[in-house]
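Structural overview for review
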Amino acid sequence: MDAEANQVKPELKILAFSITTACNMACPFCSKSAGGADTVVHLPKDTILRVTKAALPLTAKLRTLALSGGEPLLHPEFLSIVCEIRDLGVHSHVNSNGSLLTPQTCRDMFAAGVRKVTISLEGPDASIHDLVRDRHGAFERAVAGAANLLDAGIKLFFKMTLTKDNCRYLVDTLEFAAAQGAVGLGFSRMLPTGRGESERDNTIEFEELRREFQKCKKRSQEIGLPIVTDDPLRHLFDAELSERIASGELDIRGKWGGCSGGVQLINIMANGDVTPCPGLPFVVGNVHLSSFESIWTNSPRLRYFRNRDHLEPPCGTCARKFICGGCRSIALSTYGSISAPDPLCPHVANATERDPAGCPRATAKT
């Protein structure tokens, strides 16, 4: 591929807003360090609407406006925001810890146009969920919130942040999600950034992820509940997918995938900073200083980020880099470079001082 092909054409599908730094929890692994701060920042409603209106003409494929925080329900204009987003013809997808989802709040959200909510669920019971979140009673409140959503007619989705503490409970959590009436269970790796920096030793290993995913995928097919992940390394830990690629059954030539940050997804933080994804502290602009259109189209940092020619080896020399790209947030937090390799990738873990292409190995931060 030439350099222009390597800088993939952006096709915005998910516009994410981290609308507030306020949170009624302070999870040890929070990549945004939300909650517990002396100063709370809310992204103004007018800014959210201005950016959304600016994004709509840039793409015909914008299908979701994702609202997170902190805890988005703590934004003082939360219901007004989702109402006015609905009037623009865009669906809001709310990400919540579930603890504030009272019956009345859920009815109000449905009336405002919310049709799907993701609740963070870190395990199949209180002993795991409350341990990972370091908050007694968090599981009970999340489950109550989930029931209230369903009673209000809102679809329920659960998402799990995988750590060493809870990865082995992935199958049990899938079964619990099915029993609660969820439409699916998603998962992502813990990002060692924000407060998660101090939880780096709780990061899962590749073989554990592969083993638990294979068991969960099998169980997912048996019970008919989707297991969903946008992890760029899925082509490696999903054995069936990896084999199809290796055998040539699935032709990846000319294909693009993996990390969607900055290409199909963009995030606006509560202070107006624009980042390729909510968990990546790599600022490419600020909507209080520049128009969203100019940032999306012309930001030099965003253009650099999209170009996988800049990836360091072994990611940069990998034949699968255009369907992967690795997790940029984990790479940045581990090696201090936005172009560094994803440390969970076995090709990185197995690299010697010089990888097979003769390129130096990245050195992790100490």
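One can find the structure itself at the top, above this paragraph.
Keep in mind that this is a model prediction, so the values were computed, not measured.

Attention shifts here to the pairing of strand 8 (residues 265-268). Neither face of strand 8 is exposed, since L265 and N267 on one face and I266 and I268 on the opposite face are all buried. Of the strand pairs in this sheet, strand 1 (residues 14-18) and strand 8 are connected by four bridges, and their pairing is parallel. Its bridge partner lying in strand 8, A16 is registered against N267. Sheet topology places strand 8 next to strand 9 (residues 273-275); two bridges connect them, and they run antiparallel. Among the inter-strand pairings, I268 is bridged to a residue of strand 9, identified as V274. Between strand 8 and strand 9, which pair antiparallel in sequence order, lie four residues; one of them, G272, sits at a positive phi of approximately 95 degrees.

To continue, consider the packing of aromatic side chains. For the structure shown, the criterion picks out six aromatic pairs. Taken together, the ring pairs in this structure connect F187, F213 and F237 into an aromatic cluster. A cation over a ring is seen here: K116 above F157, with NZ or CZ 4.9 Å from the ring centre. Residue placement shows R306 over the ring face of W296; its charged tip is 4.6 Å from the ring centre.

Take the side chain of K321 next. Along the chain, K321 falls in the loop between helix 12 (300-306) and helix 13 (328-335). When near neighbours in sequence (up to four residues on either side) are disregarded, K321 contacts R308, D309, C315 and G316.

If you walk across this open sheet you meet the 10 strands as 7-6-5-4-3-2-1-8-9-10, and the pairing is mixed. Edge positions in the sheet fall to strand 7 (227-228) and strand 10 (285-286), since each of these pairs with one other strand and no more. Against the sheet, helix 6 (residues 138-152) makes contact with strand 4 (116-120) and strand 5 (155-162), and its axis sits at roughly 170 degrees relative to strand 4, the strand it touches most.

Before going further, it helps to examine the pattern of salt bridges. Per the stated rule, a full pass over the model turns up 20 salt bridges. Across the salt bridge formed by R189 and D231, the nearest N and O atoms sit 2.7 Å from each other. Taken together, the residues span a long stretch of sequence, with R189 in strand 6 (residues 185-189) and D231 in the loop between strand 7 and helix 9 (234-237) at a distance of 42 residues. You'll find R189 and D231 in the same group, each marked buried. Between E222 and K218 there is a salt bridge; the shortest N-O distance is 2.7 Å. In this pair, E222 and K218 are both assigned in helix 8 (residues 206-223), four residues apart and thus about one turn of the helix distant. Overlapping salt bridges, with partners in common, bring together E175, K218, R219 and E222 in one network.

Below, the discussion takes up helix 3 (residues 78-87). An α-helical turn contains 3.6 residues, so a residue and the one three or four places further along point in the same direction. The set of residues buried in helix 3 consists of F78, I81, V82 and I85. The arc that holds the buried residues of helix 3, viewed along the axis, is 90 degrees, so those residues lie on one side. Here the buried face of helix 3 lies against helix 2 (45-55), strand 2 (64-68), strand 3 (92-96) and helix 4 (103-111). At the exit of helix 3 stands G89, carrying a positive phi of roughly 85 degrees.

Where burial is concerned, most of strand 5 is hidden: six out of the eight residues are buried. Pairing of strand 4 with strand 5, which is carried by five bridges, proceeds in the parallel orientation. Bridge pairing in strand 5 links V117 to L156. For strand 5 and strand 6, the ladder comprises five bridges, and the chain directions are parallel. Across the sheet, residue T161 finds its bridge partner in strand 6, namely S188. Handedness of the crossover joining strand 5 and strand 6 through helix 7 (residues 170-179): right-handed.

The next thing to look at is the environment of L100. Summarising the element assignment, L100 is placed in the loop between strand 3 and helix 4. A relative accessible area of 27% means that L100 is categorised as partly exposed. Spatially, the C-alpha atoms of L100 and R210 are 34 Å apart, while their sequence positions differ by 110 residues. Excluding residues within four positions of it along the chain, L100 makes contact with N24, E71, L73, L74 and T105.

Quick notes on the rules
Residues numbered from 1 in each chain as written. Predicted model: local features only at pLDDT ≥ 70, side-chain atom pairs only at ≥ 80, totals over all residues. Heavy atoms only, no water. Buried < 20%, exposed > 50% of the residue type's maximum accessible area, 1.4 Å probe, protein only. Helix = DSSP H or I, 4+ residues; strand = E, 2+ residues; numbered from the N terminus. Pairing = 2+ DSSP bridges. Phe/Tyr/Trp six-rings, centres within 6.5 Å; stacked < 30°, edge-to-face > 60°. Lys NZ or Arg CZ within 6 Å of the ring centre and 35° of its normal. Contact = heavy atoms within 4.5 Å. Axes fitted to C-alpha atoms, helices over the stretch in contact; angles between N-to-C directions. Salt bridge = Lys/Arg side-chain N within 4 Å of Asp/Glu carboxyl O. Arc of directions from axis to C-beta. Right-handed = clockwise from strand over helix to strand, strands pointing away.

Just distances and angles here, no functional claims.
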